[in-house]
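Here are the chains, one letter per residue:
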Amino acid sequence: MQREASGSGRAGDGAVADEAVAGSAAAVVHRLAQRHETFATVESLTGGSLAASIVDIAGVSGIYRGGLVVYATELKGTLAGVPTDLLSERGPVDPEVAAALAEGGRQRCGADWGVATTGVAGPEPQDGKPVGLVYVAVAGPNGGEVRQLDLDGGRDHVRAAAVVEALRLLAERIHGADVQDADAQNSDPATDHPEAPEVDGPEDPAETAGGTRGRAGTAGAGHR
């Protein structure tokens, strides 16, 4: 699934972005700790900023498996496992490449979730792709999602906004998994009131009185 978002750079955005990153990272770590799940990152344009925002949180070692910074196009294939034919055909800034990066990080780091960033931070366009075009992606136990961002502002703002949106997308996917888990639990027959098990009853009340028929009377046989 691919969705689009947009953003703009304004004075004071740096402090706001820092607060948003810290809040989003803390929320993700807290929820994954409750779910007993882990995640990993694969970064291109953010160059490690996403990983840095995560390891700033105390106690994250049990949740965050690690990450890859694959700035060079060929490393997206050799380290993150993106198919080389996909990279050759689409280039590094592409939604399918972003999805492959997230899934590759998830698998290669042995994590439950993978988060990836790729795009053009500037100052110049890249391979015909405009500055501010960014894809963030998440891969998880129940599939993945890619979000396209069309960001304004300078290089620093584009990279910071990509980190915020990557964490936001991960938080949304985790919430979706929570909802699916709750629905599955509510529909699980094991959580309903089970019917009483059938017990072979006596065919003749008189024989029951004598303790000769029916499983219900077997436990007491020979103990009278």
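Q: Even after reading the chapter, I still don't get the nonpolar core, so can you show me in this structure?
A: As a rule of thumb, soluble globular proteins bury nonpolar side chains together. Judged by nonpolar contacts, the single largest core of 32 residues is most densely connected at Phe 39, Trp 113, Val 134 and Leu 170. Counting only elements with at least two residues in this core, the list comes to α1 (13–35), α2 (49–55), β4 (113–119), β5 (133–140), β6 (143–151) and α6 (155–187). A total of 11 residues in this core trace back to one element, the largest contributor, which is α6. Leu 86, Leu 87, Ala 98 and Ala 102 belong to the second-largest nonpolar core, a separate cluster that totals 20 residues.

Q: Mind showing me how you'd approach the pairing of β4 here?
A: In regular strands, side chains alternate between the two faces of the sheet. With seven of seven residues buried, β4 lies mostly within the body of the structure. The alternating pattern of β4 places Trp 113, Val 115, Thr 117 and Gly 119 on one face and Gly 114, Ala 116 and Thr 118 on the opposite face, and all of these are buried. Strand direction decides the pairing type here: strand β2 (residues 39–43) and β4, joined by five bridges, are parallel. Along β4, the bridge assignment pairs Val 42 with Ala 116. As paired elements, β4 and β5 share six bridges and run antiparallel to each other. Among the inter-strand pairings, Thr 118 is bridged to a residue of β5, identified as Tyr 135.

Rules used throughout
- Residues numbered from 1 in each chain as written.
- Predicted model: local features only at pLDDT ≥ 70, side-chain atom pairs only at ≥ 80, totals over all residues.
- Heavy atoms only, no water.
- Core = buried A, V, L, I, M, F, W, Y, C linked by side-chain atoms within 4.5 Å.
- Buried < 20%, exposed > 50% of the residue type's maximum accessible area, 1.4 Å probe, protein only.
- Helix = DSSP H or I, 4+ residues; strand = E, 2+ residues; numbered from the N terminus.
- Pairing = 2+ DSSP bridges.

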